[in-house]
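Observations on the model geometry
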Amino acid sequence: MPKASEIKKNQAIEYEGRVYFVKDIERSVPQGRAGGSLYRMRMYDVVTNQKLDETFKDSDMLNLADLVRRPATFSYADGDEYVFMDSEDFTQYMLNREAIEDELLFINEDTQGLMVILVSDAPVALDLPPTVELQIEETDPSVKGGSATARTKPARLTTGLVVQVPEHISTGDRIKINVEERKFLSRA
């Protein structure tokens, strides 16, 4: 059983007899009080998708739930439902737009390394690779000799994500992006 301080984002825990998926964790250290940090977790019930905000002390023991990660590729969007296909046995997984809103900024048909996260055979979330390659849809014209300075400019990608890129990058370029930090890494 891990302590609350060892729980990471995108893990599933059992709490009060239900399985919750941890979407966000905020750590706070109360001032002038003996004791450790507090971890405020935003969790979603995997069955009903109900939101629960709960605060745990760093020493609280939590139960991990069974979580299965399946390699998948993005297939198509059908209204608010996004369909992903298992790369091994071709099972289709439907995920609602709200559940994967942040992840959609990094996904297109070519994205490799996606994982659909299943809890008791129901898809609950999407795990992204550490880096993704996307194409720039619109940015200011590139500046000749712009690679000499560290100045950046905003660039909008085909998925709608806006990142800061160096001045020598131009519209139509494929770039690598660090998913967690939402930052430009290099040309693809």
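These numbers come from a predicted model, not from an experiment.

Brief notes about the sheet that holds strand 11 (residues 131-139)
Taken together, the 5 strands give an open sheet; going across it, the order is 13-12-11-14-15, and neighbouring strands pair in antiparallel fashion. Edge positions in the open sheet fall to strand 13 (162-166) and strand 15 (183-187), since each of these has one partner strand only. Adjacent strand axes in the sheet meet at a mean angle of 55° when their direction is disregarded. As defined by bridge partners, strand 12 (residues 152-157) adjoins strand 13 across 5 bridges and the pair is classed as antiparallel.

Observations regarding the sheet that holds strand 7 (residues 81-86)
Spatial strand order, 8-7-6-9-10: 5 strands in an open sheet with antiparallel pairing. On the outer flanks of this sheet lie strand 8 (92-96) and strand 10 (122-127), each paired with one strand and no other. Put simply, the sheet's adjacent strands are angled 45° from each other on average, direction ignored. Alignment of strand 7 against strand 8, held across 5 bridges, turns out to be antiparallel. Note that in strand 8 the partner of Tyr82 across the bridge is Leu95.

Points about a negative patch on the surface
Residues Asp80, Glu98, Glu101 and Asp102 make up a contiguous surface patch of negative charge. Note that Asp102 resides in the loop between strand 8 and strand 9 (114-119).

Some remarks on the nonpolar core
Phe84, Ile100, Leu157, Val165, Ile175 and Ile177 are the most contacted members of the largest nonpolar core, which has 29 residues in total. Contributions of two or more residues to this core are made by strand 6 (68-78), strand 7, strand 8, strand 9, strand 11, strand 12, strand 13 and strand 14 (174-178). In this structure, Ala4, Tyr15, Tyr39 and Met41 belong to the second largest nonpolar core, which totals 11 residues.

Overview of the UniProt feature "domain: Translation elongation factor P/YeiP central" (unreviewed entry) in the protein chain
UniProt records the feature "domain: Translation elongation factor P/YeiP central" (unreviewed entry) for residues 69-124 in the present numbering. Helix makes up 0% of residues 69-124 and strand 54%, with an end-to-end C-alpha separation of 10 Å.

Re the pattern of salt bridges
As enumerated under the stated definition, the model contains 13 salt bridges in all. We note a salt bridge from Lys23 to Glu103, for which the minimum N-O separation is 3.8 Å. Here Lys23, found in strand 2 (residues 18-28), pairs with Glu103, found in the loop between strand 8 and strand 9; they are 80 residues apart in sequence, far enough to count as distant. On the accessibility criterion, Glu103 (10% relative accessible area) is buried. A salt bridge links Asp86 to Arg70, with the nearest nitrogen and oxygen atoms 2.8 Å apart. Here Asp86 is found in strand 7, whereas its partner Arg70 is found in strand 6, with 16 residues between them in sequence.

Remarks on the environment of Val124
Along the chain, the position of Val124 falls in strand 10. Val124 sits in the buried class, given a relative accessible area of 13%. Each C-alpha atom, one on Val124 and one on Thr73, is 15 Å from the other, the two residues being 51 residues apart in sequence. With residues up to four places along the chain from it excluded, the contact list for Val124 reads Phe21, Val46, Leu95, Ala99, Ile117 and Val119.

Cut-offs used in this document
Residues numbered from 1 in each chain as written. Predicted model: local features only at pLDDT ≥ 70, side-chain atom pairs only at ≥ 80, totals over all residues. Heavy atoms only, no water. Pairing = 2+ DSSP bridges. Helix = DSSP H or I, 4+ residues; strand = E, 2+ residues; numbered from the N terminus. Axes fitted to C-alpha atoms, helices over the stretch in contact; angles between N-to-C directions. Patch = residues over 30% accessible without salt bridge, like charges linked within 9 Å, V, L, I, M, F, W, Y side chains within 5 Å. Areas by Shrake-Rupley, 256 points an atom, 1.4 Å probe, with all protein chains shown as cover. Salt bridge = Lys/Arg side-chain N within 4 Å of Asp/Glu carboxyl O. Lys, Arg positive; Asp, Glu negative; His and termini not counted. Charge placed at Lys NZ, Arg CZ, Asp CG, Glu CD. Core = buried A, V, L, I, M, F, W, Y, C linked by side-chain atoms within 4.5 Å. Buried < 20%, exposed > 50% of the residue type's maximum accessible area, 1.4 Å probe, protein only. UniProt positions renumbered as here; feature names shortened; annotations may be inferred. Contact = heavy atoms within 4.5 Å.

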